[in-house]
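Fold and geometry: a report
Listed below are the residues making up each chain.
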Amino acid sequence: VQLQASGGGLVQAGDSLRLSCTASGHTFRNENVGWFRQAPGKEREFVASIRWAGGGSFYGDSVKYRFAISRDNAKNTAYLQMNSLKPEDTAVYYCAAGYNLIASTMRDWGRYAYWGQGTQVTVSS
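Cut-offs applied
Residues numbered from 1 in each chain as written. Predicted model: local features only at pLDDT ≥ 70, side-chain atom pairs only at ≥ 80, totals over all residues. Heavy atoms only, no water. Salt bridge = Lys/Arg side-chain N within 4 Å of Asp/Glu carboxyl O. Helix = DSSP H or I, 4+ residues; strand = E, 2+ residues; numbered from the N terminus. Buried < 20%, exposed > 50% of the residue type's maximum accessible area, 1.4 Å probe, protein only. Phe/Tyr/Trp six-rings, centres within 6.5 Å; stacked < 30°, edge-to-face > 60°. Lys NZ or Arg CZ within 6 Å of the ring centre and 35° of its normal.

One pass over the structure, following the stated rule, counts 5 salt bridges. Put simply, Arg66 and Asp89 hold a salt bridge, and the shortest N to O gap is 2.8 Å. Taken together, the residues span a long stretch of sequence, with Arg66 in the loop between β6 (57-59) and β7 (67-72) and Asp89 in the loop between β8 (77-82) and β9 (91-98) at a distance of 23 residues. Taking relative accessible area as the criterion, Arg66 reaches 12% and is therefore assigned buried. Among the salt bridges present, the one from Arg111 reaches Asp108, with a minimum N-O distance of 3.8 Å. Look at Arg111 and you get partly exposed, because its relative accessible area is 47%. Judged by its relative accessible area of 36%, Asp108 is partly exposed. Shared partners join several salt bridges into a network, and the residues in it are Arg37, Glu45, Arg66 and Asp89.

Here's what the structure looks like:
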């Protein structure tokens, strides 16, 4: 499974961005599709995850109420809508897919089997 993350860029604080995650040669069905981010010198951080079957979504505490994860079955694409961006949101954002994840495990990046290449998000103050 090859994942492609796109949509990053340079924005100002308070702006919005939408990231996309698409799978090549694979149709999402029962996976969790998640977003993680990693800033220089920091550990990889859970951002959000969505259950493809059913659409249940989960968020990291630092992005809750500002970010929204969604999916489009027809386009086989997951999205991360990021609003009210802050300089501390600056990081490389990765999308990932994994199976059999539950609430207690979906925040663990080690549980995701497939990863995209990452897209840079830079928020200036």
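Now that the structure has been shown, we can carry on.
Applying the stated criterion to the full structure yields 7 aromatic pairs. Look at Trp109 and Trp115: their rings are 6.4 Å apart centre to centre, the planes differ by 75 degrees, and that puts the pair in the edge-to-face class. Owing to a relative accessible area of 25%, Trp115 belongs among the partly exposed residues under this scheme. Each member of the aromatic cluster is reached from another via a ring pair, and the members are Phe36, Phe46, Tyr94, Trp109, Tyr112 and Trp115. The ring centre of Tyr94 lies 5.4 Å from the NZ or CZ of Arg44, which sits over that ring. Its guanidinium or amino end placed over the ring of Trp109, Arg44 lies 4.6 Å from that ring's centre, counting from NZ or CZ.

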